[in-house]
Amino acid sequence: MINLDKIDPEKTFICGCDVTLKDILDVLDEGITDLEIIKRLTRVGMGFCQGRYCIVTAAQVISAKTGKDMKEIKLPTSRIPIKPVKIKVIANE
Amino acid sequence: MRLTEHPILNFQERRGKKVTIYFEGQPIEAYEGETIVMALHAAGIRVLAHTFQKDRPRGLFCAIGKCASCLMTVNGIPNVRTCITLVEDGMQITKQKAKPKLPTTAKPPKWKDPEKIDADIVIIGGGPAGLMAAIYASDAGAKVALLDENPMLGGQLVKQTHKFFGKREQFAGVRGVKIADILEEEVKKRENIKVFLETSAIALLQEDDTKLVVGVRKNKELVEFRGKAVIVATGAMERMIPFENNDLPGIYGAGAIQTLMNTYGVKPGDRVLIIGAGNVGLILAYQLIQAGVEVKAIVEALPKIGGYFVHAAKVRRLGVPILTRHTILRAEGKEKVERAIVAQIDENWKPIPGTEKVFEVDVIALAVGLRPSIELLHQVGCQIKYAPELGGHVVIRDKRLETTIKGIFVAGDSAGIEEATTAMLEGKIAGIAAALSAGIASPEWLKEIEKAQKELDEFRSGPFGRKVLKGLEKVVVE
Amino acid sequence: MSEVTIIGGGITGVALAYELAKRGYEVTVLERRFIGSGSTFRCGTGIRQQFGDEANIQVMKRSVELWKKYSEDFGFPFTQSGYLFLLYSEEEIEDFKNNIKLQNKFGVPTRLITPEEAKEIVPLLNIEDVLAASWNPTDGKADPFKATMAFAREAKELGAKIYEYTEVKDIVVENGEIKGVKTNKGFFSTGTVVNATNAWAKLINAMAEVPITIPIEPYKHQAIITQPMKSGQINPMVISFKHRDAYLTQTAHGGIVGGVGLEEHGYDLTPTYEFLKEVTKQFIQIIPALKDLRILRVWAGFYAKTPDSNPAIGRINEIDEYYIVAGFSGHGFMMAPVVAEGVADLITKGKTNLPFWWYDPYRFERGELRSKAIQMG
Ligand SMILES: Cc1cc2nc3c(=O)[nH]c(=O)nc-3n(C[C@H](O)[C@H](O)[C@H](O)COP(=O)(O)OP(=O)(O)OC[C@H]3O[C@@H](n4cnc5c(N)ncnc54)[C@H](O)[C@@H]3O)c2cc1C
Ligand SMILES: Cc1cc2nc3c(=O)[nH]c(=O)nc-3n(C[C@H](O)[C@H](O)[C@H](O)COP(=O)(O)OP(=O)(O)OC[C@H]3O[C@@H](n4cnc5c(N)ncnc54)[C@H](O)[C@@H]3O)c2cc1C
Ligand code: FES
């Protein structure tokens, strides 16, 4: 459970990459409730932590706002490389 | 600020050679063996960067290389995770102010094939689960490669200064740090275990009958590890919760605070508010007090304390109020935390107007739970299921901890949030089971598996095991 | 009862739903997962008119006009930042000279430029072995997420119904007439079906028992995205056939998106280490400075390929109101607005002014393959 009341959504961060609670709520207000799509429209989970911290928080916000059970919200698949890796490293320069 | 006196730890003795690093050109004292962010924190530097879009300050958060909150430019290389990168004499460290601009004169690099390591079993993660897996897999006859992205072995154990509960076989009464030392010694004794530190696994892949783990050592070398079986023991990561200004420097995961004070002897701050009264929050409170830090209060959203009674009693005795049915609404401060505003909540978790309290603190510790680190397992295609009792999304596995992909095993917190004691037992089971699946261990080892399974059952039969068992019911298959 | 039922909620399906709803039709879109989940959300964002045949050039010229219009009307990012083809041999130059002539004939302002001029456009380029480049500044790119969701939103506003997580399992045809479709969420009665499932098109065709052969096969294609860098460093889509059909560009957010041609037949979508290495190897030859960027993610999607790399678009005469709109290879995102406009005209008026005859679904059966459409990746 999380609390979303009495907090300013514009100053509440869901993701370290500047994605706010408001960004998520705005998309939800358009009637879009799929984490996969919210991710792509707000960029939550698409930055440097590769979603480790933010994606579940985003899922909890969706759950709290739509009443969708957490077990119904599928996490986007992790992709290689699971840590950002420099192109030079792959080339073994 | 560095801790000089501590009732349990002697940092004077543990600190390495003194070196000098440079932050924005200013010299800073550091010690070999510590990570960059620890040295910066000791020198009072908490703001490590500003975000590109909104120019928000960024500080340490997880201290285990997972959250990307500590990215800085080190010796001209941008985006270095400074919480898992060790200091070196003369290092130049600067804040990242903007997205990088690339040079127009760069030359194409020469392509080289990566180093290749062959083993029977590749183990990812050197916490209690991974270490025990390595020891038992090796004893069962397997050649083991063990990698961990932190600069030291032990995982979460290296930060636990308190004595553990449980049974004697699982080191009850021994402090976590000491357990890490013992396990490390055991690993070192075995010649068929090769340890690779500062090595991140970035991919887990299947090549016919072999498993391939692609690793990156020290941020610069690609290493390919191949084995017949893989054990994923990557531990857990801390949860975040939404509140105003929850991204301010000074808001740390509980684990990061432990790393600061218990591993590196750096004082996390002067006045702390802890969010979450589970075992982690409670233990953190008395560890902070041990280190001479004031704990203003522990805030807990549930109507009752989640952690063990003994821990709660100890914290109360030390005079720390535990506010149940409260939550944090807001952190305030310019570049870092200066105060926190909390409020009482009703049964529906809604804040009750007029109940706000202000705490003048410079650190807010988040101990609101951990979730299993399943990225590699998810990426390789293991089946995932949501089991809140185990901390969230976990992999489906059998009683020997083999996942839905043959030859890929899981153990410890990455299989479900529990304790070091259970992580060690699971590590043992997975280590032997992997050696069996690789066709190396003799069938007698089955007895050792059964023994460990029985010990696990006993351990989980207590009141705190009930929740875990409920979670396991959902994800353990025949 | 819906007049038209579109199977597939990729950009083709939702853009067509918009065009039909605008023409006053009752439309339903059925999508197996979520909107865009097929190939659309996995694409490389590129939009170009640099093709080698008259039909595709004309069609794409109209598409770019529509991209411009809809991006303004609906408010999603589309920029005309150009396509830059790097040429490394005299043969390649000859080919491109012919293409350019054709493109110019239809008003697409492509020209051949020197390596130095190319480096002015993308200062990060390694022009060491480059002999010339084909440059059209009016090509561009768009945000696939925002664009697709905008078409979906506008379609819904005009009354179209979009059902997600609704998988078509069968198509009921009686005496050559469509009655409806069976899905995991129940039966949808309809008189007209549009197969806009691209990589899955052959499966839907089989459900309707389409009596002709329309060879559309799925091929896995992978792409990468890097950490963001300062904007404006690689504005156009940069293409090099020499480097395994590589394409790459910078997104609005600053990351580099792109891929190389390393395809695999079938429905598997697992990203591979082999690709990660190959894309790295090729990209650092084209733009060496990329070596200092970090790769955030590799993913895979489908090119739905036909033998001539041109889509199959048209009415299937043997079934009363069945249309196929699929097989877009590596260029279905860019074509979506014009395809939607053309197919909406086909459905509502029985004809379109665009040279869609080029995409005639009967051409395979007749053995009249077109010249291969230019494709990268
Ligand atoms: C405050 C606190 C108090 C605790 N007190 C107790 C107690 O009293 N008794 C008890 O039994 N338990 C206690 N625990 C729990 C215990 O510490 C953990 O359950 C245990 O450490 C889990 O072990 P693990 O091996 O699964 O994971 P970890 O110890 O977390 O180790 C995982 C390791 O994997 C590495 N890793 C992760 N990802 C990668 C990657 N991609 N590549 C390479 N390496 C990677 C990490 O660097 C890490 O070293 C406590 C925990 C906390 C936070
Ligand atoms: C790596 C990569 C890079 C690319 N780069 C570019 C580029 O730069 N420019 C460009 O123009 N194109 C590019 N493409 C191609 C482009 O992505 C596709 O051509 C385009 O997205 C096709 O759109 P669509 O709507 O026709 O198909 P899709 O987006 O695939 O939509 C088809 C939909 O049908 C659904 N479906 C399937 N079966 C059923 C069923 N039984 N019931 C209900 N629904 C079903 C699927 O779930 C899917 O969502 C690229 C493709 C890839 C893979
Ligand atoms: S990654 Fe370094 S603080 Fe989290």
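Note that the coordinates shown come from a computational prediction; the quantities given were computed from them, not determined experimentally.

Trainee: Got a minute to help me understand the overall build of chain C in this structure?
Mentor: Scanning chain C for helices and strands turns up 9 helices and 20 strands. For 377 residues, the compact-globule estimate of 2.2 N^0.38 gives 21 Å, and the C-alpha radius of gyration of chain C, at 20 Å, lies within 12% of that figure. Here the C-alpha coordinates of chain C stretch approximately 65 × 40 × 40 Å along the principal axes. Within the structure as shown, chain C displays about 13100 Å² of accessible surface, and the carbon and sulfur contribution to it stands at 48%. Here chain C carries 42 positive and 46 negative side-chain charges, and the mean point of each set is 4 Å from the other.

Trainee: When you look at the sheet that holds strand E21 (residues 326–332) of chain B in this model, what are you seeing that I'm missing?
Mentor: Residue and element names in this part refer to chain B. A sheet is described by the order of its strands in space; here 3 strands give the open sequence E21-E22-E23, paired in antiparallel fashion. Both edges of this open sheet fall to E21 and strand E23 (357–359), since each of them pairs with a single strand only. Along the sheet, successive strands turn relative to each other by an average axial angle of 30°, direction set aside.

Trainee: Help me understand the confidence of the model for chain A, please; the structure alone is not making it clear to me.
Mentor: Low pLDDT marks stretches whose predicted atomic positions should not be read closely. Confidence in the prediction for chain A averages 93 pLDDT; 100% of positions are at 70 or higher. Ranking the elements of chain A by mean pLDDT puts helix H4 (residues 87–91) of chain A last with 92 and helix H1 (residues 21–29) of chain A first with 97.

Trainee: Mind showing me how you'd approach the site of ligand 1 here?
Mentor: Residue and element names in this part refer to chain B. Lining the immediate environment of ligand 1, one finds 32 residues, of which Asp 148, Asn 150, Gln 156, His 162 and Asp 413 sit closest. One of the side-chain N or O atoms of Asp 148 is found 2.5 Å from an oxygen atom in ligand 1. Backbone polar atom of Ala 201 to a nitrogen atom of ligand 1: 2.9 Å apart, as the coordinates give it. When the free accessible area of ligand 1 is taken as 1000 Å², the share hidden by the protein chains comes to 95%. At the level of secondary structure, the elements contributing two or more residues to the shell around ligand 1 comprise helix H3 (128–139), strand E12 (199–207), helix H6 (279–290) and helix H9 (420–437).

Trainee: I would appreciate a short explanation of the interface of chain B and chain A in the present structure.
Mentor: Often, the extent of an interface is quoted as the loss of accessible area on bringing the components together. Opposite the 57 residues of chain B that make contact, chain A presents 44 residues. Regarding the contact of chain B and chain A, the summed buried area is about 4500 Å², with carbon and sulfur atoms giving 60% of it. A per-residue breakdown of the area chain B buries against chain A is headed by B:Ile202, B:Pro242 and B:Trp349, which together make up 14% of the total. Applying the counting rule to chain B against chain A returns 2 salt bridges. The shortest N-O distance in the salt bridge between A:Arg52 and B:Glu375 comes to 2.5 Å. Between chain B and chain A we count 15 residue pairs in polar contact (both at pLDDT 80 or more) in total. Split into classes, the residues belonging to the side of chain B that touches chain A amount to 27 nonpolar, 12 polar and 18 charged.

Trainee: It is not clear to me how the pattern of salt bridges should be interpreted in this structure. Could you clarify?
Mentor: A side chain of one charge can pair with a side chain of the opposite charge when the charged atoms of the two come close. In total, this model carries 59 salt bridges over all chains according to the counting rule given. Here A:Asp26 makes a salt bridge to A:Lys22, at a shortest N to O gap of 3.0 Å. In this pair, A:Asp26 and A:Lys22 are both assigned in helix H1, 4 residues apart and thus about one turn of the helix distant. Look at A:Asp26 and you get partly exposed, because its relative accessible area is 34%. Of the residues examined, A:Lys22 reaches a relative accessible area of 31% and is grouped as partly exposed. Across the pair A:Lys88 and C:Asp292 runs a salt bridge whose closest N-O atoms are separated by 2.8 Å. Linking A:Lys88 in helix H4 with C:Asp292 in the loop between helix H7 (273–286) and strand E18 (294–305), this pair reaches from one chain into another. According to the relative accessible area criterion, A:Lys88 is partly exposed, its value standing at 24%.

Trainee: Quick question: what am I supposed to make of unusual backbone geometry here?
Mentor: Across residues other than glycine, the phi torsion is negative in most instances, and most of the peptide bonds are trans. Note that the residue after A:Ile80, namely A:Pro81, is joined by a cis bond; omega there is -15°. Inspection of the secondary structure puts A:Pro81 in the loop between helix H3 (54–66) and strand E3 (85–86). With a phi angle near 50°, B:Asn75 is a residue other than glycine that sits in the positive phi range. With respect to the element layout, B:Asn75 can be found in the loop between strand E5 (71–74) and strand E6 (77–81). For B:Arg325, which is not glycine, the phi torsion reads 50° and is therefore positive. By the element assignment, B:Arg325 lies in the loop between strand E20 (322–324) and E21. What makes B:Arg325 partly exposed here is its relative accessible area of 30%.

Trainee: Honestly, the interface of chain A and chain C in this entry has me stumped. Any pointers?
Mentor: Contact residues are listed per partner, giving 25 residues for chain A and 31 residues for chain C. Across the chain A to chain C interface the summed buried area is about 2600 Å²; carbon plus sulfur atoms make up 66%. Our enumeration of links across chain A and chain C arrives at 1 salt bridge. Inspection of the region where chain A meets chain C yields 9 residue pairs in polar contact (both at pLDDT 80 or more). Put simply, the parts of the chain that give the side of chain A that touches chain C at least two residues each are helix H2 (35–42), E3 and H4 of chain A. A per-class count over the side of chain A that touches chain C returns 12 nonpolar, 3 polar and 10 charged. Here E3(A) pairs with E18(C) via 2 bridges, running antiparallel. In the sheet register, A:Lys86 faces E18(C), and the bridge partner there is C:Arg294.

Trainee: How should I be thinking about H1(A) in this particular structure?
Mentor: Since the α-helix advances by 3.6 residues per turn, residues separated by three or four positions end up pointing in the same direction. All names here are of chain A. Residues of H1 that are buried include every one of Leu 21, Ile 24, Leu 25, Val 27 and Leu 28, and no others. Each buried residue of H1 sits inside an arc of 160° when the element is viewed along its axis, so together they form one side. The inward-facing, buried residues of H1 abut strand E1 (13–15), strand E2 (19–20), H2 and H3. Positive phi shows up at Gly 31, right after H1, with a value of about 90°.

Trainee: Help me understand the pairing of strand E15 (residues 246–250) of chain C in this model?
Mentor: Regular strands show a simple pattern: their side chains alternate between the two faces of the sheet. Residues and elements named next belong to chain C. The element E15 is largely enclosed, with a buried count of 5 among its 5 residues. In E15, alternate side chains face the same way, and those of Ala 246, Leu 248 and Gln 250 on one face and Tyr 247 and Thr 249 on the other are all buried. Judged from the 3 bridges that link them, strand E14 (residues 237–240) and E15 form a sheet pairing that is antiparallel. Bridged to Ser 240 within E15 is Ala 246. Pairing of E15 with strand E16 (residues 256–259) involves 4 bridges; the strand directions are antiparallel. Following the sheet pairing, Thr 249 is matched in E16 by Val 257.

Trainee: Explain the packing of aromatic side chains here, please?
Mentor: For any pair of aromatic rings, the description rests on two quantities: the centre-to-centre distance and the angle between the ring planes. Evaluated as defined, the whole model comprises 24 aromatic pairs over all chains. Ring geometry for C:Phe96 and C:Phe241: centres 6.4 Å apart, planes at 40°, overall tilted. Of this pair, C:Phe96 sits in helix H3 (residues 90–105) while C:Phe241 is found in the loop between E14 and E15, placing the two residues 145 residues apart along the sequence. We classify C:Phe96 as buried; its relative accessible area is 6%. Judged by its relative accessible area of 23%, C:Phe241 falls in the partly exposed class. Aromatic side chains C:Trp200 and C:Phe302 sit 5.4 Å apart centroid to centroid with 85° between the ring planes, which places their arrangement in the edge-to-face category. With C:Trp200 in the loop between strand E12 (186–195) and helix H6 (201–207) and C:Phe302 in strand E18, this residue pair connects regions lying 102 residues apart in the sequence. Classification of C:Phe302 as buried rests on a relative accessible area of 5%. Aromatic ring contacts, followed pair by pair, group C:Tyr18, C:Trp67, C:Tyr70, C:Phe74, C:Phe76, C:Phe78, C:Phe151 and C:Phe333 into a single cluster. Note that B:Arg15 overlies the ring of B:Tyr31, its terminal NZ or CZ placed 5.6 Å from the centroid. For the cation-ring pair, C:Arg370 lies above C:Trp358, with the distance from its terminal atom to the ring centre recorded as 5.4 Å.

Calculation notes
- Residues numbered from 1 in each chain as written.
- Chains lettered and ligands numbered in written order.
- Predicted model: local features only at pLDDT ≥ 70, side-chain atom pairs only at ≥ 80, totals over all residues.
- Heavy atoms only, no water.
- Helix = DSSP H or I, 4+ residues; strand = E, 2+ residues; numbered from the N terminus.
- Rg over C-alpha atoms; globule rule 2.2 N^0.38 Å.
- Areas by Shrake-Rupley, 256 points an atom, 1.4 Å probe, with all protein chains shown as cover.
- Lys, Arg positive; Asp, Glu negative; His and termini not counted.
- Charge placed at Lys NZ, Arg CZ, Asp CG, Glu CD.
- Pairing = 2+ DSSP bridges.
- Axes fitted to C-alpha atoms, helices over the stretch in contact; angles between N-to-C directions.
- pLDDT = per-residue confidence, 0-100.
- Near = heavy atom within 4 Å.
- Polar contact = N/O pair within 3.5 Å; in protein donor to acceptor, adjacent residues only side chain to side chain.
- Contact = heavy atoms within 4.5 Å.
- Buried area = accessible area lost by both parts, 1.4 Å probe.
- Salt bridge = Lys/Arg side-chain N within 4 Å of Asp/Glu carboxyl O.
- Nonpolar A, V, L, I, M, F, W, Y, C, P; charged D, E, K, R; others polar.
- Buried < 20%, exposed > 50% of the residue type's maximum accessible area, 1.4 Å probe, protein only.
- Arc of directions from axis to C-beta.
- Phe/Tyr/Trp six-rings, centres within 6.5 Å; stacked < 30°, edge-to-face > 60°.
- Lys NZ or Arg CZ within 6 Å of the ring centre and 35° of its normal.

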